[in-house]
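# Structure assessment
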Amino acid sequence: MNRSEEVRDRVAESYKKAVQDSPGKSSSCGCGDPEAKGIAASLAGYSKEELNSIPRDAAVNSFGCGNPVAFGEISEGEVVLDLGSGAGIDLLLAAQKVGASGRVIGIDMTDAMIEKAEANIREAGVTNIEVRKGIIEDLPVESSSVDWVISNCVINLSPEKSKVFAEIARVLKPCGRMVVSDIVLDSPPQWVLDVQGLYESCLSGAISEKDYAAGLREAGLDDVDVRGRLDYDGASLTDLFGSATTGESCCGTSISQDISKYDLTELEGKVATVRFFARKPA
């Protein structure tokens, strides 16, 4: 087993455990609204109307850092591909946009997540969504077959990001578009890279905004643009990533190593959620 396979196995096991350990929790925002296990749903950009329009389990078991569907100009009849579709929150919201004449495809490598997504799709009574097992570095999707690629805090987890960017370019139709919400990290201190659990928690595997944009361009995508960003201050970072003693991190996974001895404020100004847009040339 090579290093990339080892990383994917760790990530898959971590998310399997995260989705099975807890049935979910209620938001402190009031009225019992569902809250994602990762960044709070309201902070990630999901409206109450959106969250109330899908099964609660799909919202509670979202591990994302943004809402890519809200900011894509997705239209009826289009085909949307979600990389790392998890429990299905973005699949379900995209399905509402494309309507009965459109199609939504989810890709996930974790059986537990696929089972969650399929259960949520059945509960929602939606028939235009298909979930396929696979890795985002080698998508089980035909070339030039989708109008949109979306993803929510997943590509940072890939050990082979250049392959992911190339796959996005391959599966998009000419003039097809991508909108991805992801964590970016610039010039981290060495301890961030050394704590293994921070990789599965969407931090130490992240790359800089500059490198992310460059990777998309190198894959052959045009019009690469940042359509939104949320920078985290020291207090937010402490809340999001916590430690082994406080339980779940930003992406909802438990960090197996206690990081309370480290000063997360060292990362202030270095970590952000960024929403990237790109287009495949005609």
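Okay, so let's go over this structure. (Residues numbered from 1 in each chain as written. Predicted model: local features only at pLDDT ≥ 70, side-chain atom pairs only at ≥ 80, totals over all residues. Heavy atoms only, no water.)

### Things to note about the pairing of strand β1 (residues 79-83)
Burial runs high along β1: five of the five residues are buried. Along β1, one buried face is formed by Val79, Leu81 and Leu83 and the opposite face, lined by Val80 and Asp82, is buried too. As defined by bridge partners, β1 adjoins strand β2 (residues 103-108) across five bridges and the pair is classed as parallel. Counterpart to leucine 83 in the pairing with β2 is isoleucine 107. With helix α5 (residues 89-98) bridging β1 and its parallel neighbour β2, the resulting β-α-β unit is right-handed. (Buried < 20%, exposed > 50% of the residue type's maximum accessible area, 1.4 Å probe, protein only. Helix = DSSP H or I, 4+ residues; strand = E, 2+ residues; numbered from the N terminus. Pairing = 2+ DSSP bridges. Right-handed = clockwise from strand over helix to strand, strands pointing away.)

### Focus on the nonpolar core
Counting 30 residues, the largest nonpolar core has Leu81, Val149, Ile168 and Met178 as its most contacted members. Elements with a minimum of two residues in this core: β1, β2, β4 (146-152), α7 (161-171), β5 (172-185), α10 (209-218) and β7 (271-279). At five residues, α7 tops the list of elements feeding residues into this core. With near-sequence residues (within four places) excluded, valine 149 lies in contact with Leu81, Leu83, Ile168, Val171, Leu172, Arg177, Met178 and Val179. Leu157, Tyr232, Leu240 and Leu264 belong to the second-largest nonpolar core, a separate cluster that totals 21 residues. (Core = buried A, V, L, I, M, F, W, Y, C linked by side-chain atoms within 4.5 Å. Contact = heavy atoms within 4.5 Å.)

### Comments concerning α10
Here α10 has its buried residues at Tyr212, Ala213, Gly215 and Leu216. Buried positions in α10, seen along its axis, are confined to an arc of 155° and lie on one side of it. Opposite its buried face, α10 presents the exposed residues Lys210 and Glu218, each directed more than 90 degrees away. Check the buried side of α10 and you find it contacts α7, β5, β6 (222-231) and β7. (Arc of directions from axis to C-beta.)

### Some points on a negative patch on the surface
A surface patch of like charges, here negative, comprises Glu5, Glu6, Asp9 and Glu13. Along the chain, the position of glutamate 13 falls in helix α1 (residues 3-21). (Patch = residues over 30% accessible without salt bridge, like charges linked within 9 Å, V, L, I, M, F, W, Y side chains within 5 Å. Areas by Shrake-Rupley, 256 points an atom, 1.4 Å probe, with all protein chains shown as cover. Salt bridge = Lys/Arg side-chain N within 4 Å of Asp/Glu carboxyl O. Lys, Arg positive; Asp, Glu negative; His and termini not counted. Charge placed at Lys NZ, Arg CZ, Asp CG, Glu CD.)

### Some remarks on the side chain of serine 145
In this structure, serine 145 sits in the loop between β3 (129-133) and β4. Beyond its immediate chain neighbours, meaning those up to four positions away, serine 145 contacts Val79, Val171, Leu172 and Lys173.

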